[in-house]
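Below, each chain spelled out in residue letters.
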Amino acid sequence: MTFQDLNLNTPLYNAIDDLGFTTPTPIQAQAFNVVASGKDVVGIAQTGTGKTFAYMLPILRHLKYSTQENPRVLILVPTRELVVQVVDEIEKLSKYINNRVLGVYGGTNINTQKRAIAEGLDILVATPGRLYDLALSHVLQLKSIQKLVIDEVDVMLDLGFRHQLINIFDLLPERRQNIMFSATMTQDVDILINDFFKSPERISIALSGTPLDNISQHRYNVPNFYTKVNLLVHLLQDEKHFNKVLIFVAYKRMADRLFEKLDEFFKEELCVIHSNKTQNYRLRSIEQFREGHNRILVATDVMARGLDIDNVSHVINFDTPEYPENYMHRIGRTGRAERKGETLIFSTEKEQDPIEHIERLMKMEIPILPIPDSVTISTELIEEERPQIKERNNPTKRREEDAPGPAFHEKKAKNQKENLGGSYRREIAKKYKKPKTRGDKNYNKRHKKK
Ligand code: AMP
C-alpha cells in the first residue's frame, strides 16, 4: 500500500513528501478509513509504529479551515514530554495547512497558556491536569470539540488519571468522536472503553508481544548490581558501537544510584530522567540526548514510554522488567522507523522468572552472551540485595495490628498547644522587641544613663 491509496489531499501529500516517508505504516493503513468514518475507535499500537500519524492524517484530512476561536480537536497525552512531541509531529504534517495547534501542560505559567488560548486555536494537545484547570477557568471552551483523542491510555491510567479523564468527559459535548490509542490492552483500559465509548471499531497491529524484526536482542546473566555496573561501564567504553544508549531501570532511586556510578566514568556524556526531576531538567535531558550532545540517558519506565527519539543504537535493560509488556515498551525505543537497533538485558538469579515470562510472550529465546573476562565480578551487595534477616517468634515484638491507634477524640484546646520552651525569653523579647537574657540585666540601665 502507498500513501496514494489513502484519500489524502495535496497539502498532506506535500508534507509527507518533505518528511521523506514513502509508505504508510501498517497502523496508518488500517486506521485511516476507520478514523475518517467518524466512528469511535480503539487502536492497539505501540509507539514507534507511526500511531501519531495514524490518527492525525485522517483528522487533518477532514478538518475544515475555520476562524472560530474554540478548539475542535482535543488530544490528551499522559506526559508533558509527549505534548511537545505530538505538537511537533502535527506541525510537520500541517506544513501546508493553515491551522492553529497549541500544546499545554502543567508545571509552567498558566497565564501564558491562557493568553495563547484566547488567540484562538483548532487543535489542542494537553495533559489532563492542566487541561482541566484551563477549562475550569473558562478561558478554554470545550463546547466545540468534535474529536477527542486519548493517546497512551494505558500509561494515563497507570499514572492515576482516570478521574481527571472522567471530569474532562463531562465538559465535552455529547456528540463527538472518541479515538483512543493504547500500547497494551489492560483491564483498566477495557473498563474505560466500556463505560465511555459507543461500540468502537477496534484496530490493532500484531500482538503487543511481537518483537520488532529489526531489533536484535541479547541477554547477560549477572550476579548483582555492582557487577552490572562493571559490565555496563565496560560496554559503554566502546563509543563507536554504543553511540546512543537508552538505559532503563525500574524506579527513581535506582536511576539516581546508577547515574551516580556512571557519572564517575561518563560525566559529560550522561543524563537522567525520572518523575522527581523538574520539568525543565527533564526536557533538557531529553533534548540533549535527542540531539546527540549526551550519548547515554538513564530513564525509568514511565518517563521514557512513548518517547520518540531517533537512532537509538541500544536499549539496555539494567534490570529485568517484572511485567513483560514493559520490556516490549523499552525495546520499542530502538529499531524505530525500520532502522536496526540492539537491546541487551541484564538479569540476576532473582530475575530469571521475569526473563521466562518475556520469552514466553515473544515466543522466542533471547540468546545469552558471556560476561567478558575483563569485567570484574563484584561480591558487594546493595541494600535491596542483602538477605533480609527475619526474626522468628520474637515474643516481645508487637504485631502491626496490635499497635495502638491514634486517640479517637480531639485533644482539649489547652493540650493542643505546642510547648515552645523558654517562656521567660519570649516574654522579655515581646517587651523589649529584642531577645534579652539575664546576663543583659544592666542593658536598660546603661542605656538610660546616656
Ligand atoms: P509514533 O509511533 O507516532 O511515535 O512514530 C514513530 C516515528 O515514525 C516518528 O518519528 C514518525 O515521524 C515516524 N513515522 C511515522 N509514520 C511514518 C511512515 N509512514 N514512514 C516512516 N516513518 C514514519
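Residues numbered from 1 in each chain as written. Predicted model: local features only at pLDDT ≥ 70, side-chain atom pairs only at ≥ 80, totals over all residues. Heavy atoms only, no water.

Trainee: Give a description of the overall build of the protein chain that names residues and reports values.
Mentor: The helix and strand tally for the protein chain stands at 18 helices and 13 strands. Here the protein chain, with 450 residues, has 47% of them falling under the buried criterion. For the protein chain, the share of sequence-separated contacts (at least 6 apart) that also reach a separation of at least 24 residues comes to 75%. (Helix = DSSP H or I, 4+ residues; strand = E, 2+ residues; numbered from the N terminus. Buried < 20%, exposed > 50% of the residue type's maximum accessible area, 1.4 Å probe, protein only. Contact = heavy atoms within 4.5 Å.)

Trainee: Account for the layout of surface pockets, naming residues and giving values.
Mentor: Empty space within the second largest pocket amounts to approximately 950 Å³. Along its surface, the second largest pocket is lined by 34 residues, and Ala250, Asp319, Thr320, Glu322 and Glu351 are the ones closest to its centre. Looking at the lining of the second largest pocket, the elements with two or more residues in it are α7 (153–158), α10 (225–236), α13 (301–304) and α14 (324–331). Take the lining of the second largest pocket: its biggest share by element is four residues, from α14. The residue inventory of the lining of the second largest pocket, partitioned by class, reads 13 nonpolar, seven polar and 14 charged. (1 Å grid on protein atoms, 1.4 Å probe; cavity = no way out; pocket = protein on both sides within 12 Å on 5 of 7 lines; lining within 4 Å. Points joined across faces, edges and corners; volume = space filled by probe spheres on them. Nonpolar A, V, L, I, M, F, W, Y, C, P; charged D, E, K, R; others polar.)

Trainee: Tell me what's going on with the packing of helix α3 (residues 51–62) against helix α4 (residues 80–93), and back it up with residues and numbers.
Mentor: Across the interface, α3 lies against α4 with an axial gap of 11 Å and an inter-helix angle of 45°. Relative to α4, the element α3 lies oblique. When you trace α3 past α4, the crossing you get is right-handed. In this structure, α3 uses Thr52, Phe53, Tyr55, Met56, Leu57 and Leu60 to contact α4, whose residues at the interface are Val86, Glu89, Ile90 and Leu93. Tallied by class, residues from the contact of α3 with α4 come to eight nonpolar, one polar and one charged. (Axes fitted to C-alpha atoms, helices over the stretch in contact; angles between N-to-C directions. Parallel < 35°, antiparallel > 145°, perpendicular 65-115°, else oblique. Left-handed = near helix turned anticlockwise from the far one by under 90°.)

Trainee: I'd like to hear about the site of the ligand, residue by residue, with values.
Mentor: Among the 16 residues in the neighbourhood of the ligand, the closest are listed as Gln28, Gly48, Gly50, Thr52 and Asp308. Here a nitrogen atom of the ligand sits 2.9 Å away from a polar atom, N or O, in the main chain of Thr23. Between a nitrogen atom of the ligand and a side-chain N or O atom of Gln28, the distance comes to 2.7 Å. Here the ligand loses 88% of its free accessible area of 500 Å² to cover by the protein chains. The greatest single-element share of the shell around the ligand, amounting to three residues, is contributed by α3. Across the shell around the ligand, the residue classes tally to four nonpolar, eight polar and four charged. (Near = heavy atom within 4 Å. Polar contact = N/O pair within 3.5 Å; in protein donor to acceptor, adjacent residues only side chain to side chain. Areas by Shrake-Rupley, 256 points an atom, 1.4 Å probe, with all protein chains shown as cover.)

Trainee: An account of the nonpolar core is needed here, citing residue identities and associated values.
Mentor: Leu8, Met56, Leu57, Ile75 and Ile123 are the most contacted members of the largest nonpolar core, which has 39 residues in total. Taken together, the elements giving at least two residues each to this core come down to α1 (10–19), α2 (26–36), α3, β2 (73–76), α4, β4 (123–126) and β6 (177–182). If one sorts the elements of this core by residue count, α3 sits on top with seven residues. Every residue in contact with Ile75, bar those within four places of it in the chain, is listed here: Tyr55, Met56, Val86, Ile90, Ile123, Leu124, Val125, Ala126 and Val149. (Core = buried A, V, L, I, M, F, W, Y, C linked by side-chain atoms within 4.5 Å.)

Trainee: Now, about the sheet that holds strand β12 (residues 314–317): what can you tell me, with residues and values included?
Mentor: Spatially, six strands are ordered β8-β13-β12-β9-β11-β10 in an open sheet, and the strand pairing comes out parallel. Every other strand in the sheet has two partners, leaving β8 (215–221) and β10 (270–273) as the edge strands with one partner each. Each strand of the sheet is rotated relative to its neighbour by a mean of 20°, with strand direction disregarded. Running over the sheet, α10 touches β8, β9 (245–249), β11 (296–300), β12 and β13 (341–347) and is turned about 160° from β13. (Pairing = 2+ DSSP bridges.)

Everything listed here is a matter of coordinates, which is why it stays silent on function.
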